[in-house]
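Structural overview for review
Chain residues, written in single-letter form:
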Amino acid sequence: MDLLNNFFFIALPYIAIIVFVIGTVYRYRSLKFGYSSLSSQFLETRKLFWGSLLFHWGIVIIFFGHLIAFLIPQSILLWNQQPLRLFILEISAFTFGIMAFIGLINLLYRRLSSARIRVVTNYMDIILEILLLIQIFLGLWVAYGYRWGSSWFAIVISPYLKSLFTFTPKVDAVFMLPLVVQLHIITGFLIILIVPFTRLVHFLVFPLSYLWRPYQKVIWNRDRKKIRNAKEAWTVHRPENN
Ligand code: HEM
């Protein structure tokens, strides 16, 4: 049992971080144009809008929430000293988690159900979205089943993660955690491990300059319906916009 625990909570994190760093740098240097979310917006917009909007707002805020709890655990504990503030934090985090979950179900459904999107979907897209779905589901389960995670994260998980970065892994407390929490940690490291092999690399090249660059206007100057039938993956005749 100890051997398994050591593997999942000491070896796996180091393997994941090494593969992440080497893999993302290598991919950036060798495949610059593939370093992207590979948008499929031109192929299907409606389902993407709601799926992507809910998912991204949810996941980005949850991601930064975890990062803040990891970096400044003492401040989170201070904030949580008053029950009302603790409730506000926990309920908002849970709501963003639900948003991410519903959004991702929509995105996965879109990838599997739309003929046009299936053409541009590979195995890693499906594996990534299923892993993310499992991870968010486990996170919601942890939040609901093992209350006030924002406080015990600061006491148990933050010191564990910091100990990994200082190469002095302290894993005793993590070994004692409930299985669901352990699975949430393990799936997190698995996601970090596969980042270089998926479209998830896009969050490393966040287009900050979009915040201050001038708007771009994209204009159709032909009848879109005549150019291509949106319900079919392929047209018999060569479409005019290719
Ligand atoms: C840093 C901010 C982020 C930005 C600006 C961003 C932007 C985007 C964009 C533009 C797309 C393409 C949507 C399309 O097809 O047009 C996308 C897709 C995607 N993003 Fe992000 N993203 C961010 C963070 C994240 C994070 C933190 C995750 C997960 C941990 C994530 C997971 C995904 C996934 C799985 C897809 C593919 C969805 C699909 O088409 O099925 N993104 N993102």
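Rules of the game
- Residues numbered from 1 in each chain as written.
- Predicted model: local features only at pLDDT ≥ 70, side-chain atom pairs only at ≥ 80, totals over all residues.
- Heavy atoms only, no water.
- Helix = DSSP H or I, 4+ residues; strand = E, 2+ residues; numbered from the N terminus.
- Expected span 1.5 Å × (residues − 1).
- Buried < 20%, exposed > 50% of the residue type's maximum accessible area, 1.4 Å probe, protein only.
- Contact = heavy atoms within 4.5 Å.
- Axes fitted to C-alpha atoms, helices over the stretch in contact; angles between N-to-C directions.
- Parallel < 35°, antiparallel > 145°, perpendicular 65-115°, else oblique.
- Nonpolar A, V, L, I, M, F, W, Y, C, P; charged D, E, K, R; others polar.
- Salt bridge = Lys/Arg side-chain N within 4 Å of Asp/Glu carboxyl O.
- pLDDT = per-residue confidence, 0-100.
- Near = heavy atom within 4 Å.
- Polar contact = N/O pair within 3.5 Å; in protein donor to acceptor, adjacent residues only side chain to side chain.
- Core = buried A, V, L, I, M, F, W, Y, C linked by side-chain atoms within 4.5 Å.
- Donors = N, O, S within 2.8 Å, 3.2 Å for Na, K, Ca; no water.
- Tetrahedral: all angles 85-135°; square planar, octahedral: opposite > 155°, others 65-115°.
- Phe/Tyr/Trp six-rings, centres within 6.5 Å; stacked < 30°, edge-to-face > 60°.

**A closer look at helix H4 (residues 83–113)**
Taking 1.5 Å of rise per residue, 31 residues should cover 45 Å, and H4 covers 44 Å from first to last C-alpha, within 8% of that figure. Among all positions in H4, only Leu86, Glu90, Gly97, Ala100, Gly103, Leu104, Leu107, Leu108, Arg110 and Arg111 are buried. Turning to H4, the residues buried within the fold contact helix H2 (46–71), helix H3 (73–79), helix H5 (115–119), helix H6 (123–145) and helix H7 (149–165).

**Some thoughts on the packing of H2 against H7**
At their nearest, the axes of H2 and H7 sit 8 Å apart, and the two run at 80 degrees to each other. One way to sum up the angle between H2 and H7 is to call them roughly perpendicular. Contact residues: His66, Ala69, Phe70 and Leu71 in H2; Phe153, Ser158, Leu161, Lys162 and Phe165 in H7. Of the residues that constitute the contact of H2 with H7, the class distribution is 6 nonpolar, 2 polar and 1 charged.

**A look at the pattern of salt bridges**
Going through the model one piece at a time under the given rule, you end up with 4 salt bridges. Linking arginine 110 and glutamate 44 is a salt bridge whose minimum nitrogen-to-oxygen distance equals 2.6 Å. Of this pair, arginine 110 sits in helix H4 while glutamate 44 is found in the loop between helix H1 (2–30) and H2, placing the two residues 66 residues apart along the sequence. Each member of the pair, arginine 110 as well as glutamate 44, carries the same accessibility label: buried. The partner of glutamate 129 in a salt bridge is arginine 111, with the nearest N and O atoms 3.9 Å apart. Separated by 18 residues along the polypeptide, glutamate 129 in helix H6 and arginine 111 in helix H4 bring together distant segments of the chain.

**Let's talk about the confidence of the model for the protein**
For the protein, per-residue confidence averages 91 on the pLDDT scale, and 92% of positions sit at 70 or higher. At the low end of the mean pLDDT range in the protein sits helix H10 (residues 224–227), at 66; at the high end sits helix H9 (residues 179–194), at 98.

**A look at the site of the ligand**
The local shell around the ligand holds 18 residues, among which Ser39, His56, Arg111, Glu129 and His202 are the closest. Contact between the ligand and glutamate 129: an oxygen atom at 2.5 Å from a side-chain N or O atom of the residue. Sorting elements by how many residues they give to the shell around the ligand places H2 first, with 4 residues. Of the residues contributing to the shell around the ligand, the split by class is 8 nonpolar, 6 polar and 4 charged.

**So, the nonpolar core**
Burial of nonpolar side chains together is a common tendency in soluble globular proteins. Core analysis: the largest hydrophobic core is formed by 24 residues, its most contacted members being Phe9, Tyr160, Leu161, Leu177, Ile185 and Phe189. When contributions to this core are tallied by element, the ones reaching two or more residues are H1, H2, H6, H7, helix H8 (172–175) and H9. Residues contacting leucine 177, with those up to four places away along its chain left out, are Val156, Ile157, Gln182 and Ile185.

**Examining the coordination of the iron atom of the ligand**
Donor atoms from the polypeptide that bind the iron atom of the ligand are His56 (NE2) and His202 (NE2), placed at 2.0 Å. Here the iron atom of the ligand is ringed by 6 donor atoms whose angles at the metal span 86 to 179 degrees, and the overall shape comes out octahedral. Here histidine 56 is found in helix H2, whereas its partner histidine 202 is found in the loop between H9 and H10, with 146 residues between them in sequence. When its relative accessible area of 33% is taken as the criterion, histidine 56 is described as partly exposed.

**As for the side chain of serine 40**
Note that serine 40 resides in the loop between H1 and H2. Residue contacts for serine 40: discarding those within four places in its chain leaves Arg110, Arg111, Ile117 and Val120.

**Overview of the packing of aromatic side chains**
Applying the stated criterion to the full structure yields 12 aromatic pairs. For the ring pair tyrosine 28 and tyrosine 35, a centre distance of 5.0 Å and an interplane angle of 85 degrees mean the geometry is edge-to-face. In this structure tyrosine 35 comes out as buried when scored by relative accessible area, which is 9%. The interplanar angle of 45 degrees and the centroid separation of 5.5 Å between the aromatic rings of phenylalanine 87 and tryptophan 148 together place this pair among those described as tilted. Here tryptophan 148 lies in the loop between H6 and H7 and phenylalanine 87 lies in helix H4, a separation of 61 residues in the sequence. A residue is classified by how much of its surface remains accessible, and phenylalanine 87, at 38% relative accessible area, is partly exposed. Taking the relative accessible area as the measure of exposure, tryptophan 148 reaches 35% and is therefore partly exposed.

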